[in-house]
Amino acid sequence: MRVVSQPVRKKDAMALVTGKPVFMDDLAPKDCLIVKVLRSPHANANILSVKTDVALKVPGIEVIYTWEDVPQERFTMAGQTYPEPSPQDRLILDRHVRYVGDPVAIVAGENEACVDRALRLIKVEYEVLPAILDFHQAMDNPILVHPEDNWVVLCPVGADNQRNLCASDESHNGDVDAVLKDCDVVVEGTYHTKANQQAMMETFRTACYMDAYGRLNIFSSTQIVFHVRRILAKALGIPKSKIRVMKPRIGGGFGAKQTVVAEVFPAFVTWKTGKPSKMIFTREESQVASSPRHEMEVTVKVGAMKDGRIRAMDVYTLSNTGAYGEHGPTTVGLSGHKSIPLYGSLEAHRFAYDVVYTNVMSAGAYRGYGATQGIFAVESAVNELADRLGMDPVELREKNMVREGQVMPAYYGEQTNSCALDRCLERAASMIGWKDKHPCRDMGNGKVRSVGIAMAMQGSGIAAVDVGSATIKLNEDGSYTLLIAAADMGTGCDTILAQMAAECMECSVEDIAVLGADTDSSPYDSGSYASSTTYVTGKAVERACAQLKERILEVAGEMLETSAEKLVFAGDRVETLDQSASVSLAEVGFKSMVGNNHALQVTESNSSPLSPPPFMAGAVEIELDKETGHVEILDYAAVVDCGTVVNPNLARVQTEGGLAQGIGMTLYEDIQYDDKGRLRNNSFMQYKVPTRLDTGRMRVEFESSYEESGPFGAKSIGEIVINTPAPALAHAIFNATGLWFKELPITSEKIAMGILERSKNAEKTPF
Amino acid sequence: MKVKIVLNGKTREDEINSDQLLIDYVRSHGCYSVKRGCETSNCGLCTVFLDGKPILSCSLLTARADGHRVETLEGLQKEAEEFGAFVADQGAEQCGFCNPGMIMNAIALFRENPDPSEEEIKEYLAGNLCRCSGYEGQLRAIKQFLEYRRRGGESCE
């Protein structure tokens, strides 16, 4: 292919590297009211009174709102297709505050200083209630996080607010208990992952203003413009037709901005006051009051025969959605549906889960979306199984992994029409030098070098739910404009979709201008999440281009006084089949603007009944210091099957970025609450995202399958890449120390203490 | 209070609040490349040059820059473009929010140490966080840029 599969430079790259003003706060109106919220210091409390009279006297303060001022219909901030599976459990401001950080009052004023002063002068009287801080204690606890009777759930997700349940379900195939009983070896483990922060460099932020038509314009750093419009209409109790949502360049999302975290507050202020406003979360607010990963505890039982045949898998997940249910019912599903199907050999499986409300910050969507948590558990259990069987973990996987053409009962019965997982595993193992390095080498200086391995999968969009659309139009100079509502958050989808359009229209990427996303001018798109954009919206681009070509032939046919069937589209021109006559594309463009009845603009939508999984294998080599527990990553080999690689540079960087986040989650990024429910890791001082000294060397390769249902054979890549570091590193640490760590992060301290503990025990009971 | 600062080569006299941070001063003068990522001096996004040396503008009062030269990426467009093109050719700019700070610090590195080793590159830029790229693409870009400079500015492709 000419453009697809080429390492094309991102269309916005030079603006970004030269620091051009393209982000929300660079472009927001300069006279915006500054909006901030007062946050609850209590994990669970009822507000008895809020005194704002003194605060209102601070010069420059425009307005202060409390729970008495906002609409009383509950909504969810989860950016999901309507009807949202997430319960409708939010108010803009609630009298009942449910975690430390829950908004109590909205303050808007001329500048930050006066707003900060007013925040300090608001007097709130609370009735402090006992709180649920341990998610094991949540279900059927007499303390209810959502006791209110206007709590609503629109989908049958097994939710029950009288039991602190946000969702609950069970699914199975075959008799898992019977098969497990019949297995030679059953490995069981419980794996705990924390509520990690996406920690995108640009915090949550939104600016709002009223336009000439009296409509509320929302200018936000969001992945989901259309969902924002719908959610705000409900939250504010105003018609959707009164709202327009646009996004500028986004300073990273990773799922964080698939939830309406900042938007409601300035939107409410601007709607009420008619004045432009903006809200910019501090890093501390982004850490304590946002939309992180769901904390999960995943219990896995995997049963196998002595010969290494894996026959059954039983997975139970307890997920902590926190104070509100955003993405609670859906993330948990992936912990089983995107981990169990990695093994095609299973005779039976069961997957059950409960998602509970607690009095900590609510969770949301974070890259991997539950699959990361489930794959850490399942892949760790399989590595432990290999150890128990005395079998090489690569060999064990080769015997059991899912292969192309297999039906995956745990993945909604979908068939793997494209799967190069076998090649990914083989290549990753050979890149890391598995045969020579497994399991470990003692370096003789207190350090051990060891290797670890894991496989992963994800989806490509949400089957039969996600909608991607593209509008493409011919301009008068023969160039095109592509309008989309998929959100480029740095991932490069503007460029990738332009590459597809350029491939279809036989032109260069420079000939395609991309505009998005804007609910007024873009065609509908669910938004950029669930690894959907390349696969779902990409197909819409392909279709729109095919339609536009036909339209161009019609106009050219009139110009050349012949029928469209006798013409051929040749990129920069249209010519007759015998090449005797032609018109340039620019001439067709001009013609479309003079005496023309055929709009040279086409919109197409696409929704796929399938969600073809991308697959990958990751292998890591570490050097572990037995004295300090320090883990240094020497080499990370990652091999990905994302179908056709649309842009090798961008796919490689996606992979490296995902690995780095996975490494951070595994080794460094901790979430710790004190006994009052206050988050300790509330800044980059305490929440340690990896620096370039912490991530080690990464090598990325692709082993492509071809996905018939995807554009040019492509699947997805954005999320899967975060899934292998946790199990691969835990495996390498086991191979270095003989200790299985089942709770993340596996800090140096935990490793050093684990080694110490074991040597103490060995002294006590010499064997 | 009054300050006199040479911002990107242009002398400016301003009346400022004494508690104003340098990041807010430069942004108020249209230097939007300077970003705030953390408020705790951890991320490096707000890096500017004070008398030619990289500093964190979120952790310096504007008053401290009185009588000094301040440069942001807006004043270093040629260098930003020259090196930035190598970042762009890796796709390593990604969301771009951390780029200006990283590129400022990279320019400082190239001036200070024209032939840095891989370890020196990583250490010099360790204070520049990036959540998108995993840093490897940035490292490839830096190595290729250094190679390009060693060849006297000719492309190494």
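Cut-off values and rules
Residues numbered from 1 in each chain as written. Chains lettered and ligands numbered in written order. Predicted model: local features only at pLDDT ≥ 70, side-chain atom pairs only at ≥ 80, totals over all residues. Heavy atoms only, no water. Helix = DSSP H or I, 4+ residues; strand = E, 2+ residues; numbered from the N terminus. Rg over C-alpha atoms; globule rule 2.2 N^0.38 Å. Buried < 20%, exposed > 50% of the residue type's maximum accessible area, 1.4 Å probe, protein only. Contact = heavy atoms within 4.5 Å. Areas by Shrake-Rupley, 256 points an atom, 1.4 Å probe, with all protein chains shown as cover. Lys, Arg positive; Asp, Glu negative; His and termini not counted. Charge placed at Lys NZ, Arg CZ, Asp CG, Glu CD. Domains from an automatic or database assignment. Buried area = accessible area lost by both parts, 1.4 Å probe. Salt bridge = Lys/Arg side-chain N within 4 Å of Asp/Glu carboxyl O. Polar contact = N/O pair within 3.5 Å; in protein donor to acceptor, adjacent residues only side chain to side chain. Nonpolar A, V, L, I, M, F, W, Y, C, P; charged D, E, K, R; others polar. Patch = residues over 30% accessible without salt bridge, like charges linked within 9 Å, V, L, I, M, F, W, Y side chains within 5 Å.

When helices and strands are tallied, chain B shows five helices and five strands. Ordered by position from the N terminus, the helices and strands of chain B form the series β-β-α-β-β-β-α-α-α-α. The C-alpha radius of gyration of chain B comes to 16 Å, within 12% of the 15 Å expected for a compact globule of 157 residues. With the C-alpha coordinates aligned to their principal axes, the bounding extent of chain B is approximately 50 × 30 × 25 Å. The buried share of chain B, taken over its 157 residues, is 56%. A separation of at least 24 residues holds for 57% of the contacts in chain B among residues at least 6 apart in sequence. Only carbon and sulfur atoms are counted for the fraction: they give 45% of the accessible area of chain B, which is about 6,400 Å². A distance of 2 Å separates the average location of the 19 positive side-chain charges in chain B from that of its 25 negative side-chain charges.

A word on the overall build of chain A. Scanning chain A for helices and strands turns up 19 helices and 29 strands. Since a compact globule built from 767 residues should have a radius of gyration of about 27 Å, the 27 Å found for chain A is in line with a globular shape. If one aligns the C-alpha atoms of chain A with their principal axes, the spans along those axes are about 95 × 75 × 50 Å. Here chain A holds 767 residues, and 65% of them are scored as buried. Per element, the accessible surface of chain A, about 25,900 Å² overall, is 50% carbon and sulfur. If the 77 positive side-chain charges of chain A are averaged to one point and the 99 negative ones to another, these points end up 4 Å apart.

Moving on: the domain arrangement of chain B. Residues and elements named next belong to chain B. Domain boundaries in chain B define domain 1 (2-74) and domain 2 (76-150). One C-alpha centre belongs to domain 1, the other to domain 2; they are set 21 Å apart. With 15 residues of domain 1 at the interface, the matching set in domain 2 holds 17 residues. Interface of domain 1 and domain 2: buried area, both sides summed, is about 1,400 Å²; carbon and sulfur atoms make up 65% of it. Where domain 1 touches domain 2, the interface holds zero salt bridges. Here domain 1 is connected to domain 2 by five residue pairs in polar contact (both at pLDDT 80 or more). Ranked by residue count, the leading element in the side of domain 1 that touches domain 2 is strand E3 (residues 47-50), at three residues. Among the residues making up the side of domain 1 that touches domain 2, the classes are represented as six nonpolar, five polar and four charged.

Moving on, we come to the pattern of salt bridges. All names here are of chain A. By the definition in use, this model includes 61 salt bridges over all chains. The closest approach of N and O atoms between Glu 326 and Arg 90, which form a salt bridge, is 3.0 Å. Of this pair, Glu 326 sits in the loop between strand E14 (310-322) and helix H9 (328-337) while Arg 90 sits in the loop between strand E3 (61-65) and strand E4 (96-97), and the two are 236 residues apart along the sequence. Residue class for Glu 326 comes out buried when judged on its relative accessible area of 0%. Overall, Arg 90 belongs to the buried group, its relative accessible area being 7%.

Moving on to a negative patch on the surface. A surface patch of negative charge is lined by Glu632(A), Glu119(B), Glu120(B) and Glu123(B). Sorting elements by how many residues they give to the negative patch places helix H4 (residues 118-124) of chain B first, with three residues. Assignment of secondary structure puts Glu120(B) in helix H4. Owing to a relative accessible area of 38%, Glu120(B) belongs among the partly exposed residues under this scheme.

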